[in-house]
Each structure stands twice: as C-alpha cells, then as structure tokens.
Amino acid sequence: MKNFYLTTTLPYVNAAPHLGHALEFVQADALARAARLAGDEVFLNVGTDEHGAKIAQKAEEEGKNPQEYADEYAVRFKEFADRLAISYDSFIRTSDDGHVSAAQEFWRRCEAAGDIYKAEYEIKYCVGCELEKTDSELANGRCPLHPSLEIEIRKEENYYFRFSKYQEALLTLYENQKNFVVPEERMREIKSFVSAGLKDFSISRRREKLSWGIPVPDDPDHVMYVWFDALVNYVSAIGWPTDQQRFTKWWPVTQLAGKDNLRQQAAMWQAMLLSANLTFSRQVFIHGFITSGGQKMSKSLGNVIDPLDLVERYGTDAVRYVLLRHVSSTEDSDLTPDTFHDHYTAHLTNGLGNLVARVMKLAETHLEEPIARPEMSPFSQEYWDALNAFEFNRVMDLVWQRIQALDERITHEEPFKLVKEDAEKGRTLIAELATELYQIGRLLNPFMPATNEIIKKTILENKKPENLFPRL
RNA sequence: CGCGGGGUAGAGGAGAGGUACCUCGGGGGGCCCAUAACCCCCAGACGUCGGUUCGAUUCCGACCCCCGCAACCA
C-alpha cells in the first residue's frame, strides 16, 4: 500500500490526438489500474499543453483567439482519453489559473536561486512565415515554405535558465538512481548528453511578439517560453505551491514520455526542480514511436492511423490490447491497418473471444447455477516484475499463455464428452474451466478493463455473452 | 572518429557461449464445446569478414546497410 503518482507528458495542442498519444495514455493507464489493484492509492495526471507561438498561429489560421482554440482541443483530448478508458484523476490544462500562478511561483523560486538571468538571444526568423524557426525546422538553412527567402538572424533580449550549473547534480542523480531513466539505453543517452556539457537555455519570449503565454513575474515585456511553463504542470497538478499537504502526499512523480522528450523530462526539468528547491522525479519512462509501413506517419504519405477510427471499428479494449502487446514498450514499432487487423483476429477473436464462448457455452448448458465467485488468487511475481519494468508486452504474453493453456485443456480433457459420460465429473471440470477463465479476466483488468467486466459478469450470471470480439 | 538503436525463418518480434523461441503466414493430421474457431505435428532463419574459444548466431574487432536524435523542435 503506497501512494503512486503517475503522469503522462501533456500533449501540445497543435494537432489532433494521434496514435503516439494513445500509446502513452494506455501505458500509463495500465500502470495506474494495476497499482490500484495491488491496493495502492494512485493519482494519474493527464492534460494539455496550450501556450506558445505555434498555438497562437494555429488559432489565427482558424480565425479564433488562442484560448478558444485551446478550449476546443482540451475537449478533444479529454474525449480522446475517455474513449480509451483512461482512468485519469486529473486533467490539467496549462491555461488553468492554478497552473499559471504555479508556473509564476516556480519562476520566482528559480530566480531567487540565482538561476534566471537576461541575455542576448539569436533567433532565426523567416519573414515569409513571420515566425521564428528552429534549426530542425529549416532545410539547408532555409525555410522549407519560403526557400527563396533568406533566414534573418534577429537578436533579442530574453531570460535564460542556468542549466549549465546543474551538470554535476544531474550526473549524480543518474549515478544514484540507477533506474531513474528506463530503458537503459535512454539512460546512457541522457548521461552522455549531460556529460558533454550543458548550455543555458532561453525561457522567455518578448511579449509584443507573442502574447499567448504566461507572463513573467514582474516583467510585463516577457512571457514564459512554453517549455518552462509546461513542465511545471507535474507539480501544479498536485497542488503545488498552495496545497503543500497534497503535494507531499504524491510527490515525487513517475513520468511517461516519448523519446523526443528525453532531454526535457530527464535533464531540463530535473534541473528546474533542483533550482526551485524541490526533489527530483521518481522515474522517467521513455517509450518509442509508432511507424506505419516503415515510415513516420504523415499526412502527405497518407499512412496516418487515427486511433479513434480503430476504436470505432474494433473497440476500446482491442486498441488497448494491440498497443500494449504488439507494440514494443521502448523501441519503435510498426503498425499498419493490416497488422492491427491480424492481431485482433488472431488473439482476440480466435483467442480470447472464442475461449470465452466455448467455456461459457459449456457452463450455461451444463451448470445449473453460476459458480461461486472465485477467491482472489495473487498475481505471479513474474507478472509484477514485468509490469514494474514497463514490459507490457511481456505481461500480456503471460496472460495469453494462460489463455492458450485453457484452450489446450479443453481439447485434451474433453468436457463436452465427459459431461455425457459422467455428469458429475463433467460439471466439476466445467466449473474449473470457468474459474480459470475468471482468473484470466482479472489478469486482464489493468489492460482491458471492460473485457474483464464482461467476463466477470458472464461467469457470475452463468450466461454466454454476445461475441466479445466479433469477426471483422 | 558527434550520440543512441538496429540488422534472427516468407512477415513481425524475443533470445542466449553449447538441442535457436513466439506470433502471423505455408503444409499435414485431429476434434466437434466454440466466433470455419480450438488442439497436435512438419518445413523454414541468426548482414559480411576476421579474432577469442573445445565450441559463437550469442563475446571482441573491422566493414556494409537501416532508423532516430544532434539542444531551446512544447
């Protein structure tokens, strides 16, 4: 029994929810549900990251003000989480009042620690877009949208965070907490990044250029750069700084993030915490990306898989199943509509769904009343070990081994024959099969909660259900 | 010598110093409770070249190829 605070990385609302968000949400939710099952008290945080130039620009394109635009996306992401049956305890928005004041207080703390200073900042500016560009947005030093125009270098004065000061502290953190970043290769990567030396980073923008951000305390000319603001949500979501009791109850946090976020979550944010005199996160888990047909999903390639379409067609638990079992938890994985369909058919329709049907048909036909609600048998150590190591597919494999074993048992012990030869023995066997099916359902609870409910219900009512996973 | 990952049966994945595992697909058989599902059996693979070793696909080195990232991309 412990308190377990878990957070996803807040999606930036510049685009619709995609499969990568779904992966992270579902992984986080599986951990949260499993922990609750183990008796832990759990706080699962999700939400939306809403500030910055990109958002202001998108809003303008759609003829809205940024807040209206963000409101719409917040609703979209919330519905998205609901469609995936994410059992979140908090949906934070970085435009929430509480978050805004928390970010400002956080800034003041860092400033008080002497870690915020003003300096010249060089930006690369495309006059065609009227926007600042990052190196990775440029192709051959030019804006891909306006290749005929020269990128202008503009200078402006910004606030900086003294990241460089924290190199040693971060390396010490990585030494002391050997699983601070999971998996190991990401830990190596961040170590080598920090070892190579850190450059202070800019944390503000001139307000006249960009008003859609959190005002810098005591300086009306600047707003916070969105990174700084967004990261603070991990503490503001649990009441910092106003509700210390709540904060201490939950902190430190276990974070889930994509591999593109490694530096921000495992290094920059940790330095910011130290600067603000807070303790480090508990752990940072880094997942991979999902490609389709061997390539990044992109609109121009036309290989984008919309998770909501999958939910519509196959159901929430089927999507959760595929994301947790057939997508690597840490490496990039490939998924196409065809492979998704194959996994669905092979393991849900033919596997679990069919097993439930064959067991429950026998039970409904031959048992006069439902079996007694089975005792809670504890999950195996292997199950928990795999889960604690974020190896979701390994946990799922364990469950599917039980499914296959039950299928084998039915074939070999032939309850459908036995019950005709010796009704009593046959009924005993069928009751055992139903009991095992019930346990399988429980094992699935963190991953496929609705399926677990149906299995439980069908057994306790002794009534064969509609096809769980219809053939599509 | 920028950083990290990877090249295993037709496909996608796991693995380990000594019979190479799983899923899908292919071939054959069985069963009839089940969603033409289920069970059993069979065929088929470790990028290249060296080294260490009694023995490497697994360790070491070189090479070839693929994929991310390369800082303020939120």
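It should be emphasised that the depicted structure is a prediction, and the values quoted were computed from it without experimental measurement. (Residues numbered from 1 in each chain as written. Chains lettered and ligands numbered in written order. Predicted model: local features only at pLDDT ≥ 70, side-chain atom pairs only at ≥ 80, totals over all residues. Heavy atoms only, no water.)

J.: Looking at this structure, how should I read the overall build of chain A?
T.: A count of helices and strands for chain A gives 18 helices and 14 strands. Projected onto the principal axes, the alpha-carbon positions of chain A cover approximately 90 × 50 × 40 Å. Out of the 472 residues belonging to chain A, those deemed buried represent 52%. The contacts in chain A between residues at least 6 apart in sequence include a share of 76% that link residues at least 24 apart. For chain A, the exposed surface amounts to about 21,500 Å²; the carbon and sulfur share of it is 48%. Positive and negative side-chain charges of chain A, numbering 55 and 72 respectively, have mean locations separated by a distance of 2 Å. (Helix = DSSP H or I, 4+ residues; strand = E, 2+ residues; numbered from the N terminus. Buried < 20%, exposed > 50% of the residue type's maximum accessible area, 1.4 Å probe, protein only. Contact = heavy atoms within 4.5 Å. Areas by Shrake-Rupley, 256 points an atom, 1.4 Å probe, with all protein chains shown as cover. Lys, Arg positive; Asp, Glu negative; His and termini not counted. Charge placed at Lys NZ, Arg CZ, Asp CG, Glu CD.)

J.: I'm lost on the protein's contact with RNA strand B in this one. Help?
T.: Within the structure, RNA strand B sits among 48 residues, and Lys-54, Thr-134, Tyr-225, Asn-354 and Arg-358 are positioned closest to it. Separating a base oxygen of RNA strand B from a backbone N or O atom of Ser-202 is a distance of 2.9 Å. Take Glu-408: an N or O atom from its side chain is 3.4 Å from a phosphate oxygen of RNA strand B. Elements represented by at least two residues in the surface near RNA strand B include exactly α6 (184-195), β8 (201-202), α7 (226-231), α10 (262-275), α13 (337-366), α15 (392-413) and α16 (415-421). (Near = heavy atom within 4 Å. Polar contact = N/O pair within 3.5 Å; in protein donor to acceptor, adjacent residues only side chain to side chain.)

J.: Would you take a moment to explain the packing of helix α11 (residues 307-314) against helix α12 (residues 316-325) for this structure?
T.: Relative placement of two packed helices is described by the angle separating their axes and the distance separating the axes. It is at 7 Å that the axes of α11 and α12 come closest, and there the two elements cross at 125 degrees. On the basis of the axis angle, α11 is oblique to α12. The residues of α12 that touch α11, namely those facing Pro-307, Leu-310, Val-311 and Tyr-314, are Thr-316, Ala-318 and Val-319. When its residues are assigned to classes, the contact of α11 with α12 shows 6 nonpolar, 1 polar and no charged. (Axes fitted to C-alpha atoms, helices over the stretch in contact; angles between N-to-C directions. Parallel < 35°, antiparallel > 145°, perpendicular 65-115°, else oblique. Nonpolar A, V, L, I, M, F, W, Y, C, P; charged D, E, K, R; others polar.)

J.: What's the story with the confidence of the model for chain A in this structure? I'm lost.
T.: Interpretation of the predicted coordinates at a detailed level should be avoided for regions scoring low in pLDDT. This prediction gives chain A a mean pLDDT of 92; 99% of its residues lie at or above 70. Interface confidence in the predicted complex, given as ipTM, is 0.91; pTM for the same model is 0.95. (pLDDT = per-residue confidence, 0-100.)

J.: What should I look at first to understand the nonpolar core in this one?
T.: Most often, soluble globular proteins keep nonpolar side chains buried together rather than apart. One finds Trp-400 and Phe-447 to be the most contacted residues of the largest nonpolar core, which totals 91 residues. Looking at which element gives the most residues to this core, the answer is helix α1 (residues 19-37), with 11 residues. Each of domain 1 (3-288) and domain 2 (336-461) gives at least three residues to this core. Excluding anything up to four places from it in sequence, Phe-447 contacts Ala-30, Arg-320, Leu-324, Tyr-383, Leu-387, Phe-392, Val-395 and Met-396. Judged by nonpolar contacts, the second largest core, of 56 residues, contains Tyr-166, Val-216, Tyr-234 and Phe-247. (Core = buried A, V, L, I, M, F, W, Y, C linked by side-chain atoms within 4.5 Å. Domains from an automatic or database assignment.)

J.: Help me understand the packing of α6 against α10 in this model?
T.: Following both chains from N to C, one finds α6 and α10 inclined at 60 degrees, their axes separated by 11 Å at the closest point. Taken together, the axes of α6 and α10 are oblique relative to one another. Here α6 runs over α10; the crossing is right-handed. Of the residues in α10, those touching α6 at Arg-186, Glu-189, Ile-190, Phe-193 and Val-194 are Leu-262, Arg-263, Ala-266 and Ala-267. (Left-handed = near helix turned anticlockwise from the far one by under 90°.)

J.: Please clarify how the pairing of strand β3 (residues 90-93) should be interpreted in this entry.
T.: On any regular strand, side chains alternate: one points to one face of the sheet, the next to the other face. Here β3 shows a buried face lined by Ser-90 and Ile-92 and a second buried face lined by Phe-91 and Arg-93. Where strand β2 (residues 41-48) lies against β3, 4 bridges are found, and the strand directions are parallel. Residue pairing for β3: Val-46 is matched across the bridge by Phe-91. (Pairing = 2+ DSSP bridges.)

J.: Whenever I open this one, the sheet that holds strand β7 (residues 181-182) confuses me. Can you help?
T.: Taken in spatial order, the 6 strands of this open sheet run β3-β2-β1-β11-β12-β7, and their pairing is parallel. Of all strands in the sheet, those bounded by a partner on one side alone are β3 and β7. With 5 bridges connecting them, strand β1 (residues 3-7) and β2 associate as parallel partners. Within β2, the position partnered with Thr-7 by the bridge is Asn-45. Relative to the sheet, α1 contacts β1, β2, β11 (254-258) and β12 (283-287), its axis offset from that of β2 by approximately 165 degrees.

J.: How should the layout of surface pockets be read in this particular structure?
T.: Its boundaries defined by the atoms lining it, the second largest pocket holds a volume of some 290 Å³. In this structure, the second largest pocket is lined by 15 residues; those nearest its centre are Lys-2, Phe-4, Ala-35, Asp-40 and Asn-388. Elements represented by at least two residues in the lining of the second largest pocket include exactly β1, α1 and α14 (381-388). Tallied by class, the residues present in the lining of the second largest pocket amount to 8 nonpolar, 4 polar and 3 charged. (1 Å grid on protein atoms, 1.4 Å probe; cavity = no way out; pocket = protein on both sides within 12 Å on 5 of 7 lines; lining within 4 Å. Points joined across faces, edges and corners; volume = space filled by probe spheres on them.)

J.: Sorry if this is basic, but what is going on with the domain arrangement of chain A here?
T.: Reports of interface size often rely on the accessible area that becomes lost once the parts have come together. Looking at chain A, the domain boundaries give domain 1 (3-288) and domain 2 (336-461). The gap between the C-alpha centroids of domain 1 and domain 2 is 42 Å. On the domain 2 side, the residues contacting the 12 residues of domain 1 number 11 residues. Carbon and sulfur atoms make up 82% of the surface buried where domain 1 meets domain 2, a total of about 1,000 Å² over both sides. (Buried area = accessible area lost by both parts, 1.4 Å probe.)

J.: Before we go on, may I ask you to explain the packing of aromatic side chains in this structure?
T.: Aromatic ring pairs are described here by two measures, namely the spacing of the ring centres and the angle between the planes. Tallied over the entire structure, the rule returns 30 aromatic pairs. Ring centres of Phe-161 and Phe-201 lie 5.5 Å apart, and the angle between their planes is 45 degrees; on these two criteria the pair is classed as tilted. With a gap of 40 residues between them, Phe-161 in strand β6 (residues 152-161) and Phe-201 in strand β8 connect regions that are remote in the sequence. Here the aromatic cluster, defined as three or more aromatic residues joined through ring pairs, consists of Phe-106, Trp-107, Tyr-159, Phe-228, Tyr-234, Trp-240 and Trp-269. Positioned above the aromatic ring of Phe-4, the side-chain terminus of Lys-2 is 5.5 Å from the ring centre. The ring of Phe-193 is capped by Arg-263, whose NZ or CZ atom sits 4.1 Å from the centre of that ring. (Phe/Tyr/Trp six-rings, centres within 6.5 Å; stacked < 30°, edge-to-face > 60°. Lys NZ or Arg CZ within 6 Å of the ring centre and 35° of its normal.)

J.: Help me understand the sheet that holds β6, please; the structure alone is not making it clear to me.
T.: Strands belonging to one sheet form pairs held by backbone hydrogen bonds; the direction of such a pair is parallel or antiparallel. Strand order across the open sheet formed by 4 strands is β5-β4-β6-β8, with antiparallel pairing between neighbours. On the outer flanks of this sheet lie β5 (131-133) and β8, each paired with one strand and no other. Here 10 bridges tie strand β4 (residues 116-126) to β6, and the two strands are oriented antiparallel to one another. Looking across to β6, one finds that Tyr-125 is bridged to Glu-152.

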